[in-house]
Amino acid sequence: MTMSANHKAALDKILNDQIKLFAFDLDGTLYVGEKAVPEAIELIAELRRNHQVVYFTNNSSKTITQLSKKLRELGFFCGSSDVYSAGAATADYLKESGLDNVYLIGSVGLRAEVEARGLRVCPAKTAHHVVVGLDLDFTYQKIADALAIINRGGKFIACNEDRNFPAGEGLILPGCGAMAGAITTAADKTPDFTVGKPNPYLLARIATEYGVKAEAIMVVGDSYDSDIAMALSYRSKAILVGQQAVFAPTVWSVENVGQIRRLLRKSQ
Ligand SMILES: [Mg+2]
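Below is a short write-up of the structure. (Residues numbered from 1 in each chain as written. Predicted model: local features only at pLDDT ≥ 70, side-chain atom pairs only at ≥ 80, totals over all residues.)

The next thing to look at is the overall build of the chain. For the chain, the helix and strand inventory stands at 10 helices and 14 strands. Its C-alpha atoms give the chain a radius of gyration of 19 Å, near enough to 18 Å, the size a compact globule of 268 residues would have. Overall size of the chain, expressed as C-alpha extent along the three principal axes, is 60 × 30 × 30 Å. Burial statistics for the chain: of 268 residues in total, 44% are counted as buried. Expressed as a percentage of contacts within the chain between residues at least 6 apart in sequence, the contacts between residues at least 24 apart total 66%. (Helix = DSSP H or I, 4+ residues; strand = E, 2+ residues; numbered from the N terminus. Rg over C-alpha atoms; globule rule 2.2 N^0.38 Å. Buried ≥ 20, exposed ≤ 12 C-beta atoms within 10 Å, placed from the backbone. Contact = placed C-beta atoms within 7 Å.)

So, on to helix H8 (residues 201-210). Among the residues making up H8, those that are buried are Tyr201, Leu202, Leu203 and Ile206. Lining the buried residues of H8 we find strand E1 (21-25), strand E4 (52-57), strand E5 (83-85), helix H4 (86-97), strand E12 (217-221) and helix H9 (224-233). Positioned one or two residues after H8, Gly211 has a phi angle of 65°, which is positive.

Glancing now at the sheet that holds strand E11 (residues 193-194). Spatially, four strands are ordered E6-E7-E8-E11 in an open sheet, and the strand pairing comes out parallel. What marks the edges here is a single partner per strand, and that holds for strand E6 (102-105) and E11. Examined bridge by bridge, strand E8 (residues 156-158) and E11 share two bridges and lie parallel to one another. Bridge pairing links Ala158 to Thr194 in E11. Taken strand by strand, H4 contacts E6, strand E7 (129-132), E8 and E11, and its axis lies near 150° from that of E8. (Pairing = 2+ DSSP bridges. Axes fitted to C-alpha atoms, helices over the stretch in contact; angles between N-to-C directions.)

What follows is about the nonpolar core. Core analysis: the largest hydrophobic core is formed by 75 residues, its most contacted members being Phe22, Ala23, Tyr55, Val102, Val130, Val132 and Ile239. Lining this core are residues from two domains, each supplying at least three of them: domain 1 (5-58 + 198-267) and domain 2 (89-194). Every residue in contact with Ile239, bar those within four places of it in the chain, is listed here: Met218, Val220, Trp252, Val254 and Ile260. (Core = buried A, V, L, I, M, F, W, Y, C linked by C-beta atoms within 7 Å. Domains from an automatic or database assignment.)

Quick look at the sheet that holds E12 now. Strand order in the open sheet made by the six strands is E5-E4-E1-E12-E13-E14, with parallel pairing throughout. In this open sheet, the two edge strands, each paired with only one partner strand, are E5 and strand E14 (251-254). Here the average twist between neighbouring strands, direction ignored, is 20°. One ladder, built from five bridges, connects E1 with E4; its direction is parallel. Within E4, the position partnered with Leu21 by the bridge is Gln52.

The end-to-end C-alpha distance of helix H6 (residues 140-151) is 16 Å, a good match for the 16 Å that 12 residues give at a rise of 1.5 Å each. Along H6, the positions that sit buried rather than exposed are Lys142, Ala146, Leu147, Ile149 and Ile150. What you see down the axis of H6 is that its buried residues fit within an arc of 165°, all on one side. Among the exposed residues of H6, those pointing more than 90 degrees away from its buried face are Tyr140, Gln141, Ala144 and Asn151. Next to the buried residues of H6 lie E6, E7, E8 and helix H7 (176-187). Positive backbone phi, approximately 100°, marks Gly153, located one or two places after H6. (Expected span 1.5 Å × (residues − 1). Arc of directions from axis to C-beta.)

Let us look at the pairing of E7. Going residue by residue along E7, you find His129 and Val131 tucked away on one face and Val130 and Val132 tucked away on the opposite face as well. With four bridges joining them, E6 and E7 adopt parallel strand pairing. The residue of E7 that forms the bridge with Tyr103 is Val130. In this view, the connection linking E6 to its parallel neighbour E7 by way of helix H5 (residues 108-116) has left-handed handedness. By the bridge criterion, three bridges tie E7 to E8 in an arrangement that is parallel. Across the sheet, residue Val130 finds its bridge partner in E8, namely Phe156. After leaving E7, the chain enters H6 and then returns to the sheet as E8, a path that is right-handed. (Right-handed = clockwise from strand over helix to strand, strands pointing away.)

Shape is all these values report; function is a separate question.
This is the structure in structure tokens:
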């Protein structure tokens, strides 16, 4: 889809007049597998001259340290607190909600984020609540454990509800939502809280920590249902990277991130 002249003019205007912070999705937007998307590194460097730039991801298996290391190794500028992940935000959510003694279905990275906040990860028998992230060793027993905790009144917290994710070279793998879904079916209960996008929880944290209003944030992502839906429910602006036609008044479509560079250059 190519933008109409009016559409382009509106985007030109808000990029410098209103937007203080750009929040970028990672997978599919800035990199695919182990490769940076063409012009993405240059775009981030150019934006950083006049804007705050942060990164967000529904990833629930890697720590913030691991995610920011990957960005730096690919060539992106990334400070130690510039990445917001569903995994780390889940640990924050547990902490601020007073949910301790959790049974954790997920990776060692998620466990590290939870324990770094002084929370205890417990065996199923003594746990008060259950937390579900992407777990490559998911089993029938883990569903049974989660079911028992939920049935005795424990909260059911999911990092995200992504059904699957692209693992590079055309491979699609089951996501955290596949695990949360198995537990949802067994317990006949949806999660009490799902932290990741499209829930605007991550975006709200970014807005608070950077002291910017919702309308001064531009979300850039490749998924309408996830990235753009999150932005819209928070009343932020959004750019969808890809070929899809979008007609919402606060969403722009670009074919690739390089197109954002050219729009910025024109409006400066
Ligand atoms: Mg993406």
